[in-house]
Amino acid sequence: MNVQQGLLIDAVTPANSTMSGQALGANLALSEGGVGNMLLVPYYSAQNGNMTVLHVVNTDTLNGKAVKVRFRGAANSDDVMDFQVFMSPGDVWTAAVTAGADGVAQIQSADNTCTVPALGNNTPQAFATNRLDPNKSDAEKANGTREGYVEIFNMADIPSDKLYTVGTTANTNSALYTAIKHVNAVAPCSVAGSPAEATLFGVALTNYTAEADAANAGFNTPTGGLMGDWYIINVPETTTFSGASTAVVADGRGNFVHFPQIDTGVAAAAIDAFTADPLLRTDALKTDGTAFGATPALAAGYYDLPDMSTPYLAADIGNPKAQAVKLTSALAVTSVTNQYANDESITAKTDWVFSMPTRRYSVAANYAAISGTTPANDSNTSYRLFSDLIVGVTPDAAATLQDEWFFAANTPVSTDGKGNICVKADAQKFWDREETTPGASTPGPVFSPRTPGVAAVVSLCGEASVLAFKDLGNSVLASSVARSTITSGTYTNGWGVVTTANDIGAPGAGVVEGLPLMGASFIKLSNPQVAPGLSGTYGITWPHRFTR
């Protein structure tokens, strides 16, 4: 037993379940300090000349980190790019997302930190479109890659302990640690064709099914320590927006959740232990409450794991639905408050971003259910598939008899033909900067697109939706995948509240679930009096304020 690494070597432990030795965490929570085991970037964009840059920092100066990075599309959180990053202690990994010549988003990095697969120095790697709706045109699928959000996970630690190695006369680092540890600002594994690269790939592409094997490969259970930042920059328009990643932290060591970055399929008999994603599970429910079938709607590959629901806590091993409940509870809010500005004298524009990164583990879009006679709409019972996270009331039951955050009644399919799954807010109210708000006789806000005669309520259509204020054109972020527009009912400048109580009534009689939301207000403005030759365009990012 390698006590220094904290691994209890147990050959009978099931694949990818736990490395105990030291106490595993019992809870997950949002990290007020911004450092944690998981990072969430609420929005990325490569639209209209936008470039999104990510920074991931390993604040742990003793241990390396095996990290999973996954980009999900804004429409229905489909995986459009994922890979692994192997960070040295104290390391920073950076990368940029832009639009390629064909319109598909691409990622590139000049960083010396190793990735699997290798990104290559400043070599663009296109995002994938095969998980997007196959019924869409190539242009629509390309557009679907250019907006979304990002998930980042600490899958395992790579300890720096020098240990006794058979055949040597001194204690040495593991081969994995030696391969990823920067030497003169370069990680040996980043050198193409090097023995260090071969060592890294050999480890990253192996599915460790016994703790002893994982320990011998140089892994330990993950302790977190990740910090992240992002910015969206538009060079032609000289505008930048920025923010910090939302961090989720465990209150102890996490479960070992490294999976090989390969496309080998995960057996249906095993997948339910590792994800709550209804498209990948064998127990998904249709909108009428009946079982979809024992065969998952989407065959999972090992590269699909881990995701945010892959059990990180000792109590949740084998039960990813329990982790999805904990994460959704941690992110759930009952209202969102922020400011807006539309002052024409400074050409001000405002977009609000609403991102729901855990909705995927309750409801997902099954594109295979679309046909000429069964389009993507509410009547197609196999288009929305649900995971019954809290066993008691199935997601097809009435809203007043619910125990879920997302269910058939509150997740209508958008009526604009895009097939985005929507979630409606309860209400909204806007003020100007002088306390004024619409009275009973004043028309309230109107949202477009909408159905005439139906009450105008914010409808968050998409997983990372954008609410534009008044501007029907490109607005601030040039969003087009999951966007709605407030066409009237707001003031020139002011603030507003969107209520997201999601009051499900019974079984607890008046239970307020909230919605798992994060995001910010993006405001763009210009100085009309700027001197010739100087930039007069500015970007402001204000994170949403919440009630829970």
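This text follows the structure it describes.
Since the structure is predicted, the reported quantities are computational estimates derived from the model, not experimental observations.

Asks: Before we move on, could you go through unusual backbone geometry and cite the residues and values that matter?
Replies: Excluding glycine, most residues fall at negative phi; most peptide bonds, likewise, are trans. Between V116 and P117 the backbone carries a cis peptide bond, its omega angle lying at -5 degrees. Residue position: P117 is located in the loop between β8 (114–116) and β9 (125–126). Cis geometry marks the peptide bond from L305 to P306; its omega dihedral reads -5 degrees. In this structure, P306 sits in the loop between α5 (268–271) and α6 (320–331). Positioned with a positive phi, T347 is a non-glycine residue whose angle comes to about 45 degrees. Turning to its location among the elements, T347 is positioned in the loop between β15 (335–341) and β16 (349–355). On the basis of relative accessibility, which here comes to 46%, the residue T347 falls in the partly exposed class. Positioned with a positive phi, K470 is a non-glycine residue whose angle comes to about 70 degrees. Note on placement: K470 falls in the loop between β23 (464–469) and β24 (483–488).

Asks: Report on the sheet that holds strand β7 (residues 105–108), specifying residues and quantitative values.
Replies: To summarise the sheet geometry, strands pair through backbone hydrogen bonds and adopt either a parallel or an antiparallel arrangement. The strand order across the open sheet formed by six strands is β9-β7-β6-β3-β11-β12, and the pairing between neighbours is antiparallel. Both edges of this open sheet fall to β9 and β12 (239–244), since each of them pairs with a single strand only. Bridge count between β7 and β9: two bridges; the pairing is antiparallel. Along β9, the bridge assignment pairs Q106 with A126.

Asks: Help me get a handle on empty space enclosed by the protein, residues and values and all.
Replies: In this structure the tally under the stated criterion is three cavities of 30 Å³ or more. Taken together, R70, R72, D78, D79, R131, D277, L280, L298, D304, D307 and R360 make up the lining of the largest cavity. Partitioned by chemical class, the residues of the lining of the largest cavity number two nonpolar, no polar and nine charged.

Asks: Can you break down the layout of surface pockets residue by residue, with the values?
Replies: Roughly 460 Å³ of internal volume is contained in the second largest pocket. Looking at the second largest pocket, it is lined by 24 residues, and the ones nearest its centre are A244, S245, T246, P543 and F546. Residue assignment for the lining of the second largest pocket shows that the elements contributing at least two residues are β11 (226–234), β12, β13 (246–250), β29 (518–526) and β30 (537–543). Of the residues that constitute the lining of the second largest pocket, the class distribution is twelve nonpolar, ten polar and two charged.

Asks: Kindly report on the environment of G392, identifying the contributing residues and their values.
Replies: Within the element layout of this structure, G392 appears in the loop between β18 (384–386) and β19 (422–424). Put simply, G392 and D403 are eleven residues apart on the chain and 7.2 Å apart in space, counted from C-alpha to C-alpha.

Asks: Describe the sheet that holds strand β10 (residues 147–158), with residues and values.
Replies: Taken in spatial order, the seven strands make up an open sheet running β1-β13-β2-β10-β4-β5-β8, and their pairing is antiparallel. Both edges of this open sheet fall to β1 (28–30) and β8, since each of them pairs with a single strand only. On average, each strand axis in the sheet is inclined to that of its neighbour by 25 degrees, with strand direction left out of account. Lying over the sheet, helix α1 (residues 138–145) contacts β2 (38–45), β4 (64–73), β5 (79–87) and β10, oriented at roughly 55 degrees with respect to β10.

Asks: Describe the packing of aromatic side chains, with residues and values.
Replies: Scanning the entire structure with this criterion turns up 18 aromatic pairs. Judged by centre distance (5.1 Å) and plane angle (50 degrees), the rings of F71 and F127 are tilted. Taken together, the residues span a long stretch of sequence, with F71 in strand β4 and F127 in the loop between β9 and α1 at a distance of 56 residues. Accessibility expressed as a relative area gives 5% for F127, which makes it buried. Ring centres of Y340 and F469 lie 4.9 Å apart, and the angle between their planes is 20 degrees; on these two criteria the pair is classed as stacked. With Y340 in strand β15 and F469 in strand β23, this residue pair connects regions lying 129 residues apart in the sequence.

Asks: Describe the state of the cysteines, and please don't skip the residues or the numbers.
Replies: One pass over the full model with this rule turns up two disulfides. Here C114 connects covalently by a disulfide to C189, the sulfurs 1.8 Å from one another. Around the S-S axis, the bridge from C114 to C189 shows a dihedral of about 105 degrees and counts as right-handed. Of this pair, C114 sits in strand β8 while C189 is found in the loop between α2 (175–180) and α3 (195–204), placing the two residues 75 residues apart along the sequence. C189 shares its class with C114; the two are buried. Between the sulfur atoms of C422 and its disulfide partner C461 the distance amounts to 2.0 Å. Sign of the S-S torsion, about 105 degrees for the bond between C422 and C461, identifies this disulfide as right-handed. Placement of C422 in strand β19 and of C461 in strand β22 (residues 459–461) is noted, with a sequence separation of 39 residues between them. Residues C422 and C461 agree in their burial class; the two are buried.

What counts and how
Residues numbered from 1 in each chain as written. Predicted model: local features only at pLDDT ≥ 70, side-chain atom pairs only at ≥ 80, totals over all residues. Heavy atoms only, no water. Helix = DSSP H or I, 4+ residues; strand = E, 2+ residues; numbered from the N terminus. Buried < 20%, exposed > 50% of the residue type's maximum accessible area, 1.4 Å probe, protein only. Pairing = 2+ DSSP bridges. 1 Å grid on protein atoms, 1.4 Å probe; cavity = no way out; pocket = protein on both sides within 12 Å on 5 of 7 lines; lining within 4 Å. Points joined across faces, edges and corners; volume = space filled by probe spheres on them. Nonpolar A, V, L, I, M, F, W, Y, C, P; charged D, E, K, R; others polar. Axes fitted to C-alpha atoms, helices over the stretch in contact; angles between N-to-C directions. Contact = heavy atoms within 4.5 Å. Phe/Tyr/Trp six-rings, centres within 6.5 Å; stacked < 30°, edge-to-face > 60°. Disulfide = S-S within 2.5 Å.

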